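Listed below are the residues making up each chain.
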Amino acid sequence: MIDLKQLQKDFENISKKLKRKGVDEALLAELKAKFEELKVAKTNFETLQAAQNAMSKEFGIYKREGKDISELKARVDENKVKIAEALEIQRQKQEELEKIAMAIPNIPDDDVPDGEDEDDNVEIKRVLTPPTFDFTPKEHWELAEQNGWIDFERGVKLATSRFSVAFGMGAKLERALINFMLDFNAKRGFGEVSVPEIVNRRALEGTGQLPKFEDDLYKIEGAELYLIPTAEVPLTNLYQDEILKAEELPKKMTAHTSCFREEAGAAGRDTRGMIRQHQFHKVELVTIAKPEESDAIFDEMVACASDMLTALELPHRLVTLCTGDLGFSAAKTVDLEVWLPGQNTYREISSVSNTRDFQARRAKIRYKDGKKNTLVHTLNGSSLAVGRTMVAIMENFQKEDGTIEIPKVLHPYLGMS
RNA sequence: GGAUCUUUGGCUGAGUUGGUCGAAAGCACCGGUCUUGAAAACCGGCGAGGGUAACACCUCCCUGGGUUCGAAUCCCAGAGGGUCCA
């Protein structure tokens, strides 16, 4: 959630910045008005409540001294009606305000480039040179089937489209990758955490998936519970509603989880293969940081993911997302795109975001900064999406006969020497 | 699934014949005195959110309702935890 006090104080500026994200100025003006109306309603209610409290106190004294209370009671009863009315107005204002505020995206950083969509993202750098082949490289689904690693049909049989099953070396490679990734992240100071893959509504509101993106989530019928779309949700919300000590920060965490996405708006895209699945493994990084250190940590997290790809010998590039491609909660995002020879293109394999205090404000995560409490900054990033890493390995390490080499760093994890 | 107990501030833990309780006490923590320095001792401070120039004031004792002029304290429902039964 954006800072409403800031909006009130500095409307021009905030409005200008959010315009880059396509937020209508009229909507912001409405939000600002609602905020002011709420303040009035609150003051109103509190004044009445204060009177009520004072009279109640008096009441006690009267009774103890055996005085007549009928006149006082009449006044108190009258006030009670007013309080109920005032409270109702306040509630209504609160609700109206939240409805708007919760649906407004984060303010992009000034250095985020303007743009419509992914075509306007700005490349930062390329790492490693894409391999050359003296044959036509195959796409991963062909290789996956040929090697018996992935069975797409039987995944559909068990669940529905966009589910798959890994067998044999495919299954082992998946497990090896998860372990490798967690170990790699641990060496960079990210402590391993194992978290629930089902979370409640409050958690998803905290990180910004709700209320706006309910359609992207799998919901448990009959309960206010959802399957997580990313470990960012449980990891970040771990400290929801807490006031952390300054010396505890930064909290650098990593976790492996399955991720579940409805992919409601993705009909027709990436229907073949395992680029866009409803369920996939991912190793995630999350950091809870002090505001002044979040930029440095952002760079660390990008470097961690990039170096991991380098260790896996996978060519990739880094791009800064433009305003149009930036997610709802992010102030800034750098995507890592891995080279896929079969598709002859770079595809997203990791996304690292700084949400600044946007999620912290929603989730009420603060730290004690000397005397006062300050909202933390939260950052998240994949390191990495496991399925897509397998895709990248298959396509980059394929031989002419369709067999696949295994990157050296994974050998210890697969009992190869 | 049934019975019963329980849920208080960073922690431990008083407070359940409703009013003077935002809440005793201890620990932890912070500041000071003392000390070459530290410890001990002593003095002071010390929950959160909103609000204010600062006060005042409002809200919060698991959550949501209710009773009452007034609830941490009473009633109902729910959630978490313990114990017993199944």
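Everything below is about the structure printed above this text.
The rules behind these values
Each residue is numbered by its place in its chain's sequence as written, counting from 1. Written order decides the labels, with chains lettered from A and ligands numbered from 1. Confidence filtering applies because this is a predicted model: local features only for residues at pLDDT of at least 70, side-chain atom pairs given and counted only at 80 or more, and all residues used for totals across whole chains, interfaces and linings. Values shown for side chains rest on all heavy atoms present in the structure; no hydrogens or waters enter the calculation. Pairs of strands are assigned from DSSP output, requiring at least two bridges between the strands. Helix and strand labels come from DSSP, where a helix needs a run of H or I of at least four residues and a strand needs a run of E of at least two; each type is numbered from the N terminus. Whether two residues touch is decided by their heavy atoms; if any such pair falls within 4.5 Å, the residues are in contact. Interaxial angle, 0 to 180 degrees, is taken between N-to-C directions of lines fitted to C-alpha atoms, where a helix line uses only the stretch in contact. Helix span, expected: 1.5 Å multiplied by one less than the number of residues in the helix. Each residue's exposure class comes from its accessible area (1.4 Å probe, protein chains only) as a fraction of the maximum for that residue type: buried when under 20%, exposed when over 50%, partly exposed otherwise.

**Q** Explain the sheet that holds strand β9 (residues 251–260) to me, please; I cannot follow it from the model alone.
**A** Picture the strands of a sheet paired through backbone hydrogen bonds; they go either parallel or antiparallel. Across the sheet, 8 strands lie side by side as β1-β11-β12-β13-β16-β10-β9-β4; this open sheet has mixed pairing. Lying at the two open borders of the sheet, with one neighbouring strand each, are β1 (122–127) and β4 (191–192). Of the pairings in the sheet, the one linking β9 to strand β10 (residues 279–289) comprises 10 bridges and is antiparallel in character. Considered in β10, the bridge of S258 is made with H281. Together, β4, β9, β10 and β16 (377–385) form the strand contacts of helix α7 (residues 168–187), whose direction differs from that of β10 by roughly 5°. Docked against the sheet, helix α10 (residues 294–311) engages β1, β9, β10, β11 (316–320), β12 (332–340), β13 (345–354) and β16, running at close to 5° with respect to β16.

**Q** I tried to follow the sheet that holds strand β15 (residues 372–375) on my own but got confused; where do I start?
**A** Strands sit in the order β8-β14-β15 across an open sheet of 3 strands; the sheet is mixed. Two strands in the sheet have a free side with no partner beyond their single neighbour: β8 (243–245) and β15. Taken pair by pair, the neighbouring strands of this sheet meet at an average axis angle of 45°, ignoring direction. The pairing of strand β14 (residues 366–369) with β15 spans 4 bridges and is classified as antiparallel. Opposite K368, over in β15, you have N373 as the bridge partner.

**Q** Just to check I follow, could you spell out α10 for this structure?
**A** Three or four residues apart is the spacing at which side chains of an α-helix point the same way, because the helix has 3.6 residues per turn. Helix length check: α10, at 18 residues, gives a terminal C-alpha distance of 25 Å against a target of 26 Å (1.5 Å per residue), a fit within 8%. Along α10, the residues classified as buried are S294, I297, F298, M301, V302, C304, A305, S306, M308 and L309. Downstream of α10 by one or two residues, E313 has phi in the positive range, about 60°.

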